Amino acid sequence: MRKILLVLFLLYGFAVQAQPKLKGSLESFVANNRVYPQYSLQNCIQGTVTISFKLNKTGEVYYSKISKGVGTDLDDEALRLIRMSSGKWIMPAGHDTTVSIIAPIRFSIASEDCGNRSREQIAQAIQAYRSNEGLTNAVLNFYKNKEQGKPFTKDEAVKIKALKATLGYDNEYFNQRIAAGMKKLKQKDKQGACEDFMFVKHMGSDLADEALAKYCN
């Protein structure tokens with residue numbers, strides 16, 4: 001079994017000043033709430049994702065972005081975790097809400113399988129993910145347009161079906177994506193969960209319809 005380790009550090013521009021703190025510590029929050037993304041887990045992709053975010057006076061995250069990413073679904077998970085921390089920050093008096101907080105989040109996997117993966121194989125997996133993003137969006141757009149009643153040809157439908165198979169978007173993957181969404185629901189991350197369910201729906205599958213109807217209306 002793979003043991004997933006995650007280390008998070010916070011860097012601030014002015015170390016001498018009192019800084020916002022997350023109740024219970026950000027490290028614990030991330031460790032308790034992270035869902036290691038399926039693609040990166042399967043392909044032993046590790047690395048550091050740097051998130052830049054800003055907090056208002058009540059400790060809510062009102063701005064966040066990926067400053068430097070790995071280039072896979074690790075980026076989205078790091079951003080999701082920071083978004084989830086909104087409202088849980090203890091703000092010091094006089095904190096400048098326009099100042100960005102930088103949070104480098106390091107994902108790592110301790111596994112014999114991953115120990116056997118070469119750097120070249122991992123680099124190829126990262127490149128494949130980046131290359132496939134455009135193809136994934138093509139599939140998503142096809143089914144979104146179909147749902148809206150826009151016309152398409154039989155040839156287009158056949159090509160999209162073949163593309164889905166090439167990308168590995170099958171029922172096994174969809175069930176894994178739904179399971180990840182259910183974990184996020186338990187974390188009270190309804191937005192993240194519904195994004196997973198909608199992804200499945202917009203891939204032309206009805207497997208997430210029940211979850212969408214129950215949790216996302």
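Positions within a chain are numbered from 1, following the residues in the order the chain's sequence is written. The predicted nature of this model means local features are confined to residues of pLDDT at least 70 and side-chain atom pairs, given and counted, to a pLDDT of 80 or more, with totals for whole chains, interfaces and linings taken over all residues. Derived side-chain values reflect all non-hydrogen atoms in the structure, with water molecules and hydrogen atoms excluded from consideration.

The name recorded for the protein in an unreviewed UniProt entry is Energy transducer TonB, from Pedobacter frigoris. UniProt positions are given in the numbering used here, feature names are shortened, and annotations may be inferred rather than shown by experiment. If you open the UniProt record of the protein and go to Sequence similarities (unreviewed entry), you find "Belongs to the TonB family." Recorded in UniProt under Subcellular location (unreviewed entry), the annotation for the protein is "Cell inner membrane".

(A) A look at the UniProt feature "domain: TonB C-terminal" (unreviewed entry) in the protein. UniProt feature "domain: TonB C-terminal" (unreviewed entry): in the numbering of this structure it lies at residues 21-116. Each helix is a run of DSSP H or I of at least 4 residues and each strand a run of E of at least 2, with the numbering of both proceeding from the N terminus. A distance of 39 Å separates the end C-alpha atoms of residues 21-116, which is 30% helix and 32% strand.

(B) Representation of the domain arrangement of the protein. Per the annotation, domain bounds derive from an automatic or database assignment of domains. When its domains are assigned, the protein resolves into domain 1 (21-107) and domain 2 (119-216). Computed from C-alpha coordinates alone, the two centres of domain 1 and domain 2 are separated by 24 Å. At the junction of the two partners, domain 1 supplies 19 residues and domain 2 supplies 15 residues. Accessible area that two parts lose when put together, evaluated with a 1.4 Å probe and summed over both, is termed the buried area. Counting the surface lost from both domain 1 and domain 2, the interface buries some 1,300 Å², and carbon and sulfur atoms represent 54% of this. The term salt bridge refers to a side-chain nitrogen of Lys or Arg lying within 4 Å of a carboxyl oxygen of Asp or Glu. Arg80 serves as the salt-bridge partner of Asp189, at 2.7 Å between the closest nitrogen and oxygen. We call two N or O atoms a polar contact when they sit within 3.5 Å, provided that within protein one can donate a hydrogen and the other can accept it, with sequence-adjacent residues counted only if both atoms are side-chain atoms. On the surface where domain 1 and domain 2 come into contact, there are six residue pairs in polar contact (both at pLDDT 80 or more). In this description, contact between two residues means that some pair of their heavy atoms is separated by no more than 4.5 Å.

(C) Highlighting the packing of helix 5 (residues 119-147) against helix 6 (residues 154-167). Axes here refer to lines fitted to C-alpha atoms; in helices the fit is confined to the stretch in contact. Angles between the N-to-C directions go from 0 to 180 degrees. Relative orientation of the contacting elements helix 5 and helix 6 amounts to 135°, with a least axis distance of 10 Å. Taken as axis vectors, helix 5 and helix 6 run oblique relative to one another. For the pair helix 5 and helix 6, the crossing hand works out as left-handed. Mapping the contact onto sequence places Asn132, Leu135, Thr136, Ala138, Val139, Phe142 and Tyr143 in helix 5 and Glu156, Ala157, Ile160, Leu163, Lys164 and Leu167 in helix 6. When its residues are assigned to classes, the contact of helix 5 with helix 6 shows nine nonpolar, two polar and two charged. We call two directions roughly parallel when the angle between them is under 35 degrees, roughly antiparallel when it is over 145, roughly perpendicular when it lies between 65 and 115, and oblique otherwise. Note: crossing handedness is left-handed where the near helix turns anticlockwise from the far helix by less than a right angle, and right-handed where it turns clockwise. Residues are grouped as follows: Ala, Val, Leu, Ile, Met, Phe, Trp, Tyr, Cys and Pro are nonpolar; Asp, Glu, Lys and Arg are charged; every other residue, Gly included, is polar.

(D) Local environment of the packing of aromatic side chains. A pair of Phe, Tyr and Trp rings is counted when the ring centres sit within 6.5 Å of each other, with Trp represented by its six-membered ring. The angle between the planes then sorts it: under 30 degrees is stacked, over 60 is edge-to-face, the rest tilted. The final tally for this structure, using the stated rule, is nine aromatic pairs. Plain terms: the ring middles of Phe53 and Trp89 are 5.6 Å apart, the flat faces sit at 45° to each other, and that makes the pair tilted. Linking Phe53 in strand 3 (residues 47-55) with Trp89 in strand 5 (residues 89-90), this pair joins segments that are 36 residues apart in sequence. Relative accessibility decides the category of a residue: with a 1.4 Å probe and only protein chains considered, values under 20% of the type maximum give buried, values over 50% give exposed, and everything between is partly exposed. Assessed through its relative accessible area of 0%, Phe53 is described here as buried.

(E) Broad picture of the state of the cysteines. A pair of sulfur atoms, both from cysteines and within 2.5 Å, is called a disulfide here. Taken as a whole, this structure holds two disulfides when the rule is applied. Cys44 shares a disulfide with Cys114; S-S distance 2.2 Å. Judged by the torsion about the S-S bond (-85°), the Cys44/Cys114 disulfide is left-handed. Taken together, the residues Cys44 in the loop between helix 2 (38-42) and strand 3 and Cys114 in helix 4 (residues 112-115) connect sequence positions 70 residues apart. By the burial criterion, Cys44 is buried, and Cys114 matches it.

(F) Molecular detail of the side chain of Lys164. Inspection of the secondary structure puts Lys164 in helix 6. Among buried charged residues, Lys164 stands out as having no salt bridge; its nearest opposite-charge side chain is Asp170, 9.5 Å away. With near-sequence residues (within four places) excluded, Lys164 lies in contact with Val139, Tyr143, Tyr169, Phe174, Met203 and Gly204. His is not counted here, nor are the chain ends, while Lys and Arg score as positive and Asp and Glu score as negative.

(G) Quick look at the pattern of salt bridges. Tallying each qualifying case throughout the model produces eight salt bridges. Salt-bridge contacts for Asp189 lead to Arg83; the nearest nitrogen and oxygen are separated by 3.8 Å. Separated by 106 residues along the polypeptide, Asp189 in the loop between helix 7 (171-186) and helix 8 (190-201) and Arg83 in helix 3 (residues 73-84) bring together distant segments of the chain. In this structure, Lys201 and Glu147 form a salt bridge, with 4.0 Å as the shortest nitrogen-oxygen distance. Placement of Lys201 in helix 8 and of Glu147 in helix 5 is noted, with a sequence separation of 54 residues between them. Using a relative accessible area of 27% as the deciding quantity, one classes Lys201 as partly exposed. Connected via shared salt-bridge partners are Glu77, Arg80, Arg83, Asp189 and Glu195.

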